[in-house]
Amino acid sequence: ILADQGDYKQAHEVIAEAVRNKAAFEELYNVAGVIHTKTGDYEKAIECFRKSLEANPDSFDANMNLGNVYGMRMDYVPAQGIFAKLEKINPADKIVKYLLGCMAFFNNDFVLAESKFKDAISLDPQFSQAYVQLARTHRKNGNNEEADKAFKKAVELEPKLGSTE
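Predicted, not measured: the structure shown is a model, and the values here were computed from it.

*Asks:* Looking at this structure, how should I read the pattern of salt bridges?
*Replies:* Two side chains of opposite charge can pair, provided their charged atoms sit close to one another. Scanning the entire structure with this criterion turns up 13 salt bridges. With a closest N to O distance of 3.3 Å, Glu47 and Lys51 form a salt bridge. Linking Glu47 with Lys51, this pair stays in helix H3 (residues 42-55), spanning 4 residues, or about one helical turn. In this structure, the salt-bridge partner of Glu145 is Lys149, at a minimum N-O distance of 4.0 Å. Note that Glu145 and Lys149 are positioned in helix H9 (residues 144-157) at a spacing of 4 residues, about one turn of the helix. Residue class for Lys149 comes out partly exposed when judged on its relative accessible area of 46%.

What follows is the structure in structure tokens.
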């Protein structure tokens, strides 16, 4: 509740006290990591998410948060590995496939990126951002005709994407 109200310092102090009392390590470290992420302290966030994962290596939330922090730091190789792990934990999650595609794109693995964006679209044919990223990937692969098709589909789904405003 304190974190939701923006009182990150007090929230961190409450969590630190609870951790000292060895209560609910996994969730507490995950929440502490989220607070550090929101305050821009990515190193401490990573440390907290890793501690959360020590308690439960397959925690979807802690893995997702850790992958996102690596992505925010533009540290795409570990982020891609974490999202690949998440895909194994939950193979039907369109966001995981999309983020894995994004990390592959940033790592210049355009074949994997294309595959993951298509996977995300197959799970949700209305996922306009996946079409946008698929278009970018096709463009990188020199397939301009497919890029145009994917972008047109994205604009069809979300007309403001085609706006010049």
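What follows continues from the structure just given.
*Asks:* Sorry, what's going on with the side chain of Glu114 here?
*Replies:* Considering the arrangement of structural elements, one finds Glu114 in helix H7 (residues 110-123). The class for Glu114 is buried, based on a relative accessible area of 19%. For Glu114, the contacting residues outside a window of four places in its chain are Leu134, Thr137, His138 and Asn141.

*Asks:* How do you make sense of the environment of Asn68 when you look at a structure like this?
*Replies:* Within the element layout of this structure, Asn68 appears in helix H4 (residues 60-72). With relative accessibility at 27%, the residue Asn68 sits in the partly exposed group. Sequence spacing of Asn68 and Ala79 is 11 residues, and the spatial spacing of their C-alpha atoms is 7.0 Å. Beyond its immediate stretch of four places on either side in the chain, Asn68 contacts Phe83 and Leu99.

*Asks:* Please explain H7 as it appears in this structure.
*Replies:* Since one α-helical turn is 3.6 residues long, residues separated by three or four positions face the same way. Here H7 is 14 residues long and its end C-alpha atoms lie 20 Å apart, about the 20 Å a rise of 1.5 Å per residue gives. For H7, the complete set of buried residues consists of Phe110, Ala113, Glu114, Lys116, Phe117, Ala120 and Ile121. Where H7 is buried, its residues meet helix H5 (76-89), helix H6 (94-106) and helix H8 (128-140).

*Asks:* Which parts of the structure should I look at to understand the nonpolar core?
*Replies:* The tendency in soluble globular proteins is for nonpolar side chains to be buried side by side. Among the nonpolar cores identified, the biggest contains 35 residues, and Leu66, Phe83 and Tyr98 are the most heavily contacted of them. Every element with two or more residues in this core is listed here: H3, H4, H5, H6, H7, H8 and H9. Element by element, the count of residues in this core is highest for H6, at 8 residues. Not counting residues up to four positions away in its chain, the partners in contact with Leu66 are Ile46, Phe49, Arg50, Leu53 and Ile82. In this structure, Ala11, Ile15, Leu28 and Ile35 belong to the second largest nonpolar core, which totals 7 residues.

*Asks:* Sorry, what's going on with the side chain of Ser59 here?
*Replies:* Position of Ser59 relative to the elements: it lies in the loop between H3 and H4. Residue Ser59 is classed as buried on the basis of its relative accessible area of 7%. Among the polar contacts listed, one links the side chain of Ser59 to the backbone nitrogen of Ala62, at a separation of 3.2 Å. Sequence-distant contacts of Ser59, defined by excluding residues within four places in its chain, comprise Glu26 and Leu53.

Definitions and limits used
- Residues numbered from 1 in each chain as written.
- Predicted model: local features only at pLDDT ≥ 70, side-chain atom pairs only at ≥ 80, totals over all residues.
- Heavy atoms only, no water.
- Salt bridge = Lys/Arg side-chain N within 4 Å of Asp/Glu carboxyl O.
- Helix = DSSP H or I, 4+ residues; strand = E, 2+ residues; numbered from the N terminus.
- Buried < 20%, exposed > 50% of the residue type's maximum accessible area, 1.4 Å probe, protein only.
- Contact = heavy atoms within 4.5 Å.
- Expected span 1.5 Å × (residues − 1).
- Core = buried A, V, L, I, M, F, W, Y, C linked by side-chain atoms within 4.5 Å.
- Polar contact = N/O pair within 3.5 Å; in protein donor to acceptor, adjacent residues only side chain to side chain.

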